[in-house]
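The primary structure of each chain is shown beneath.
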Amino acid sequence: MVYDNYNALAIGFGPSDKASEAIFSIAVYPRWVSLFFLQGAKLPDPDKVLQGSGTRVRHIVLTEPLVLEKPAIKRLMSLALASAKKPLDPKQRRRLIIKSVSAKQRPRRP
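Because the structure is a prediction, the values reported are computed rather than measured.

Peer 1: So what exactly am I meant to see when it comes to the side chain of Arg 58 here?
Peer 2: Here Arg 58 is to be found in strand E5 (residues 58-61). A distance of 3.3 Å separates a polar side-chain atom of Arg 58 from the backbone oxygen of Gly 52. Within the structure, Arg 58 has its side chain in polar contact with the backbone oxygen of Gly 54 (distance 2.6 Å). What Arg 58 contacts, discounting residues up to four positions off in sequence, is Leu 35, Phe 36, Phe 37, Gly 40, Ala 41, Leu 50, Gln 51, Gly 52 and Ser 53.

What follows is the structure, encoded as structure tokens:
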């Protein structure tokens, strides 16, 4: 699922087109890219790599592509997949869904 997330272009990965079921999201900002764990607050993080203090979401900044190869990140991704409320179905056909936010839904800028 690809969508405009106000300050970033976000790509969500989940078992359906429901944003609430997404497991991961990659957000592309003008100066950096972040990988979001959408149920990250519930994941054990002994290596303390997840950032954020919200009640659900945690993230890591992808300073380079090799960050995804780090064992701590691979473990977190595996845990996120294993603990997803609705798991990914490997037999399900992959789809790309593009969503847009209407001007009425966007927050007003000061």
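Peer 1: What is the right way to look at the pairing of strand E4 (residues 33-37) in this model?
Peer 2: A regular strand places its side chains on the two faces of the sheet in alternate fashion. Judged by how many residues are buried, E4 sits mostly within the fold: four of five residues are covered. Strand direction decides the pairing type here: strand E3 (residues 24-28) and E4, joined by five bridges, are antiparallel. Bridged to Phe 24 within E4 is Phe 37. Hairpin geometry of E3 and E4 is characterised by an intervening segment of four residues between the two adjacent antiparallel strands. As paired strands, E4 and E5 are joined by four bridges and run antiparallel to one another. Of the residues in E5, the one forming a bridge with Phe 37 is Arg 58.

Peer 1: Got a minute to help me understand the pattern of salt bridges in this structure?
Peer 2: For side chains of opposite charge, pairing can occur when their charged atoms come near one another. One pass over the structure, following the stated rule, counts three salt bridges. The shortest N-O distance in the salt bridge between Lys 74 and Glu 69 comes to 3.2 Å. With a relative accessible area of 49%, Glu 69 lands in the partly exposed category.

Peer 1: Is there a simple way to think about the environment of Pro 44 in this case?
Peer 2: Inspection of the secondary structure puts Pro 44 in the loop between E4 and E5. Each C-alpha atom, one on Pro 44 and one on Arg 75, is 9.7 Å from the other, the two residues being 31 residues apart in sequence. Ignoring sequence-local partners within four residues, the contact set of Pro 44 consists of Leu 76 and Leu 79.

Peer 1: How do you make sense of the nonpolar core when you look at a structure like this?
Peer 2: For soluble globular proteins, nonpolar side chains are generally found buried alongside one another. Membership of the largest hydrophobic core comes to 13 residues, with the highest contact counts inside it found for Phe 24, Leu 35, Phe 37, Ile 60 and Ala 80. Among the elements that line this core, the one with the most residues is helix H1 (residues 71-82), at three residues. Contacts of Phe 24, omitting those with residues within four sequence positions, involve Ile 11, Gly 12, Phe 13, Leu 35, Phe 36, Phe 37, Leu 38, Met 77, Ala 80 and Leu 81.

Criteria and thresholds
Residues numbered from 1 in each chain as written. Predicted model: local features only at pLDDT ≥ 70, side-chain atom pairs only at ≥ 80, totals over all residues. Heavy atoms only, no water. Helix = DSSP H or I, 4+ residues; strand = E, 2+ residues; numbered from the N terminus. Polar contact = N/O pair within 3.5 Å; in protein donor to acceptor, adjacent residues only side chain to side chain. Contact = heavy atoms within 4.5 Å. Buried < 20%, exposed > 50% of the residue type's maximum accessible area, 1.4 Å probe, protein only. Pairing = 2+ DSSP bridges. Salt bridge = Lys/Arg side-chain N within 4 Å of Asp/Glu carboxyl O. Core = buried A, V, L, I, M, F, W, Y, C linked by side-chain atoms within 4.5 Å.

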